[in-house]
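# Fold and contact review
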Amino acid sequence: MEKKSAIRLSLGIWVAFFALTGLLLGGCATMAPEKPKIMIPTDRGTVFFLDKYEFKAPVGWSLMRNLEGGDFELGFMKMEPGAFPSQTTFMYDEEPYGSSPNLEGRANQYCTRFLFNSGIMPEVTKREKTRVMGLHALALYFEGENSVQKEKSKSKVYLVKKGNRIISFVCTQWRPLDGQFDIQAFEIFENFVQSFKFLKKTFYENLDEEIQKLKG
Amino acid sequence: MDSHNRDLYLYEALNARVLGVSMDDVITNKFFAKAFWLDFPLVSNPLAWMGKQYGAYSDKKPFLPDGSVNNFGRRTVVVDKRGIVRYIKDGSPDNNEILSLLLKLEKEFRGK
């Protein structure tokens, strides 16, 4: 009798343990905060990105996000057929290198550091005035190679004057020296840039307003 | 450094001034400022007293046994108009955070 009741007690403890664990796990599952969606599709064939931007997102490309501040706000990457480094990246960067507030001056500064860490010293093959989102912009085309690493790159950069600041859109394609560049990837980049819209004011635009109010 | 240079017009609008401090000599700082188009002053502080005062220089010896040099760590310090330290942060400067603080201080100063 004593043995039976000991078994029942032991079983009871196990049942209670599993029930409690189940309850706790169930609680965890329901209590976990829902992750906000980074990109929400619209009926216009574009996406809203974190309620900040709207643009045409490239299909089949990986999203790159800068989690700790630094070189870019958001971007996309695609690994392409061919030997390393066959890939294309493009991004929106709200703080392009340099500090000049005018487009020509900023472009001169920007060119001194572009792809600096890659060992490639890209040359500007074309430089033209244009408009992006209806704003004054400068398009820079770069090409360069690193004969030691046997790599080459081709890039297109838009520097855009937005209020008191300059923002940028950058696309770079990497290939081995004997590889062929793929123009289609640059067309996808163009779609991204030409469809790009700001959904809310930037930190700097809000700050400008606050300063104007303060100076009243 | 170039991020501070980009924001100089905002620092000025908020009645703040930027000062860079390094242990390098004056000539090196001159070349550094030229290479990065810096429009704000850089202070040359080879004896490190400023770095010690603001906690950017550790108490180790100047030349360490592993061959490295005890240099200033990256530190941002905001000092208000009364000389009171209002902000300290190590690592890369967070300009949005700094500008938000300066806006707050300017509002405080103007009593708004």
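A brief structural summary. (Residues numbered from 1 in each chain as written. Chains lettered and ligands numbered in written order. Predicted model: local features only at pLDDT ≥ 70, side-chain atom pairs only at ≥ 80, totals over all residues.)

### A look at the overall build of chain A
Across its full length, chain A carries four helices and 11 strands. The buried share among the 216 residues of chain A stands at 25%. For chain A, long-range pairs separated by at least 24 residues make up 44% of all intrachain contacts whose partners lie at least 6 apart in sequence. (Helix = DSSP H or I, 4+ residues; strand = E, 2+ residues; numbered from the N terminus. Buried ≥ 20, exposed ≤ 12 C-beta atoms within 10 Å, placed from the backbone. Contact = placed C-beta atoms within 7 Å.)

### Focus: the environment of Asp7 of chain B
Residues and elements named next belong to chain B. Relative to the assigned elements, Asp7 resides in the loop between α1 (2–6) and α2 (8–13). The exposure class of Asp7 is buried, given the 25 C-beta atoms found within 10 Å. When the C-alpha positions of Asp7 and Leu99 are compared, they lie 8.7 Å apart, and in sequence the two are 92 residues distant. Sequence-distant contacts of Asp7, that is, excluding residues within four places in its chain, are made with Asn95 and Leu99.

### Quick notes on the nonpolar core
Core analysis: the biggest nonpolar cluster contains 29 residues, and Phe90, Tyr158, Leu159, Val160, Phe189 and Val193 of chain A have the highest contact counts within it. Elements with a minimum of two residues in this core: β5 (74–79), β6 (87–93), α2 (103–113), β8 (135–146), β9 (151–162), β10 (165–176) and α3 (183–195) of chain A. Discounting residues that sit within four places of it in the chain, Val160 of chain A has contacts with Val132, Leu135, Ala137, Ile166, Ile167 and Ser168 of chain A. Counting eight residues, the second-largest nonpolar core is a separate cluster that includes Tyr204 and Leu207 of chain A together with Ile98 and Leu99 of chain B. (Core = buried A, V, L, I, M, F, W, Y, C linked by C-beta atoms within 7 Å.)

### Description of helix α4 (residues 203–215) of chain A
Taking 1.5 Å of rise per residue, the 13 residues of α4 of chain A would be expected to cover 18 Å, and the 18 Å separating its terminal C-alpha atoms lies within 8% of that figure. Positive phi shows up at Gly216 of chain A, right after α4 of chain A, with a value of about 35 degrees. (Expected span 1.5 Å × (residues − 1).)

### A look at the interface of chain B and chain A
Interfaces are often sized by the accessible area lost when the parts come together. Facing the 17 residues of chain B at the interface are 12 residues of chain A. At the level of secondary structure, the elements contributing two or more residues to the side of chain B that touches chain A comprise α1, α2 and α5 (95–110) of chain B. Grouping the constituent residues of the side of chain B that touches chain A by class yields seven nonpolar, four polar and six charged. (Nonpolar A, V, L, I, M, F, W, Y, C, P; charged D, E, K, R; others polar.)

### Here we look at the sheet that holds strand β1 (residues 39–41) of chain A
All names here are of chain A. The strand order β1-β2-β3-β11 describes an open sheet built from four strands, whose pairing is antiparallel. With one partner strand each, in any of the chains shown, β1 and β11 (197–198) form the two edges of the open sheet. With three bridges connecting them, strand β2 (residues 47–49) and strand β3 (residues 53–55) associate as antiparallel partners. Each residue of the ladder has a partner; that of Phe49, found in β3, is Tyr53. (Pairing = 2+ DSSP bridges.)

### Quick notes on the environment of Phe186 of chain A
With respect to the helices, strands and loops of the structure, Phe186 of chain A is situated in helix α3. Note: C-alpha distance between Phe186 of chain A and Gly60 of chain A (126 residues apart in sequence) is 15 Å.

### Brief notes about the sheet that holds strand β4 (residues 62–65) of chain A
Strand-to-strand pairing in sheets goes through backbone hydrogen bonds, with the strands running parallel or antiparallel. Residue and element names in this part refer to chain A. The strand order across the open sheet built from seven strands is β4-β5-β6-β10-β9-β8-β7, with neighbouring strands paired in antiparallel fashion. Looking at strand neighbours, the two that pair on one side only are β4 and β7 (123–132), the edges of this open sheet. Taking each pair of neighbouring strands and ignoring which way they run, the sheet shows an average axis angle of 15 degrees. As defined by bridge partners, β8 adjoins β9 across 10 bridges and the pair is classed as antiparallel. Looking at the pairing, Glu145 lines up with Lys152 of β9. Those strands touched by α2 are β7, β8, β9 and β10, and its axis lies near 155 degrees from that of β9. Where α3 meets the sheet, it contacts β5, β6, β7, β9 and β10, and its direction lies at approximately 165 degrees from that of β10. (Axes fitted to C-alpha atoms, helices over the stretch in contact; angles between N-to-C directions.)

### Some thoughts on the packing of α4 of chain A against α5 of chain B
How two helices pack is summed up by the angle between their axes together with the distance between the axes. Axis separation between α4 of chain A and α5 of chain B bottoms out at 11 Å; the angle between their running directions is 10 degrees. Relative to α5 of chain B, α4 of chain A is oriented roughly parallel. Counting all contacts with α4 of chain A, which are made through Phe203, Leu207, Glu210 and Leu214 of chain A, the residues of α5 of chain B involved are Asn96, Leu99, Leu103, Glu106, Lys107 and Arg110 of chain B. Of the residues assigned to the contact of α4 of chain A with α5 of chain B, the class counts are five nonpolar, one polar and four charged. (Parallel < 35°, antiparallel > 145°, perpendicular 65-115°, else oblique.)

### Observations concerning the pairing of β9 of chain A
All names here are of chain A. Summarising burial for β9: nine of the 12 residues are buried, a large majority. What sits between the antiparallel neighbours β8 and β9 is a turn of four residues, in which Lys150 has the positive phi angle 60 degrees. Relative to β10, β9 runs antiparallel, the two sharing 12 bridges. What sits directly across from Glu151, in β10, is Pro176. Counting the residues between successive antiparallel strands, the hairpin from β9 to β10 contains two residues, one of them, Gly163, with a positive phi of roughly 65 degrees.

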